[in-house]
Amino acid sequence: MSGHEKLRVFSLSPSLEEEFRGNAQYWDGVGNRPPIEIDLELSFRTSVRRMFTPAIERGNVPVVVLCSDDVRSMIGEFFLRHFSPYLPVNVISYAELGTFHNIESVGVISADG
């Protein structure tokens, strides 16, 4: 990606990141379901569909989700389990952005529906 291109990203609400972070000790690792409450999981999935559909219809694929490094693996596993392969999503952490600053936030994903 050149320095002139914009990286359009969705980020997670602080409360949603904290739900994943708070349950990290119960996660068995990649290949296993992230340990969040089922109601929260369903709300998160609904919010993702509602927010990502317009972006995908405009051709903004793959969708990029930006999150904290400590929850990146769990968030990635969530998308892999629930939306792959029909929804191309790249999950990256803030740390992975490095010096790239041409970022456009296109929405904040929450589990509030």
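In this report, the structure presented in the accompanying data block is examined. (Residues numbered from 1 in each chain as written. Predicted model: local features only at pLDDT ≥ 70, side-chain atom pairs only at ≥ 80, totals over all residues. Heavy atoms only, no water.)

### Side note on the sheet that holds strand β1 (residues 7-12)
- The strand order β3-β2-β1-β4 describes an open sheet built from four strands, whose pairing is parallel. Two strands lie at the open edges of the sheet, namely β3 (89-93) and β4 (103-109), each paired on one side alone. The sheet shows a mean angle of 35 degrees between the axes of neighbouring strands, direction not considered.
- Strand direction decides the pairing type here: β1 and strand β2 (residues 63-67), joined by two bridges, are parallel. (Pairing = 2+ DSSP bridges. Helix = DSSP H or I, 4+ residues; strand = E, 2+ residues; numbered from the N terminus. Axes fitted to C-alpha atoms, helices over the stretch in contact; angles between N-to-C directions.)

### Remarks on helix α2 (residues 38-57)
- Here α2 is 20 residues long and its end C-alpha atoms lie 28 Å apart, about the 28 Å a rise of 1.5 Å per residue gives.
- For α2, the principal kink sits at M51 and spans about 25 degrees; a proline, P54, occurs within the next four residues.
- For α2, every residue scored as buried is listed here: L40, E41, F44, S47, V48, M51, F52 and A55.
- Tucked inside the fold, the buried residues of α2 contact β1, α1 (14-22), β2, α3 (72-83), β3 and β4.
- A positive backbone phi angle near 90 degrees is found at G59, which sits one or two residues after α2. (Expected span 1.5 Å × (residues − 1). Bend = angle between axes of the 7 residues up to and from the residue. Buried < 20%, exposed > 50% of the residue type's maximum accessible area, 1.4 Å probe, protein only. Contact = heavy atoms within 4.5 Å.)

### Thoughts on the packing of aromatic side chains
- Under the counting rule described, the total for this entry stands at nine aromatic pairs.
- Ring geometry for F78 versus F79: centroids 5.5 Å apart, planes at 90 degrees, classification edge-to-face. Comparing F78 with F79 shows no difference in burial state: the two are buried.
- With a relative accessible area of 1%, F78 lands in the buried category. (Phe/Tyr/Trp six-rings, centres within 6.5 Å; stacked < 30°, edge-to-face > 60°.)

### Considerations on the layout of surface pockets
- Of the volumes computed, that of the largest pocket is approximately 220 Å³.
- Along the walls of the largest pocket sit 15 residues, with R8, N60, V61, P62 and V64 positioned nearest its centre.
- Contributions of two or more residues to the lining of the largest pocket are made by β1 and β2.
- At three residues, the largest contribution of residues to the lining of the largest pocket is made by β1.
- Looking at the lining of the largest pocket, its residues break down into nine nonpolar, three polar and three charged. (1 Å grid on protein atoms, 1.4 Å probe; cavity = no way out; pocket = protein on both sides within 12 Å on 5 of 7 lines; lining within 4 Å. Points joined across faces, edges and corners; volume = space filled by probe spheres on them. Nonpolar A, V, L, I, M, F, W, Y, C, P; charged D, E, K, R; others polar.)

### A short note on unusual backbone geometry
- Between V61 and P62 the backbone carries a cis peptide bond, its omega angle lying at -5 degrees.
- Here P62 shows up in the loop between α2 and β2.

### Regarding the nonpolar core
- Within the largest apolar cluster, 26 residues are counted, with the highest numbers of intra-cluster contacts made by F20, F44, F52, V65, I75, F79 and I109.
- At the level of secondary structure, the elements contributing two or more residues to this core comprise β1, α1, α2, β2, α3 and β3.
- Filtering out sequence-adjacent residues up to four positions away, F79 remains in contact with F44, V48, F52, V65, S84, V89 and V91.
- With seven residues, the next largest nonpolar core counts V9, V64, I92 and F100 among its residues. (Core = buried A, V, L, I, M, F, W, Y, C linked by side-chain atoms within 4.5 Å.)

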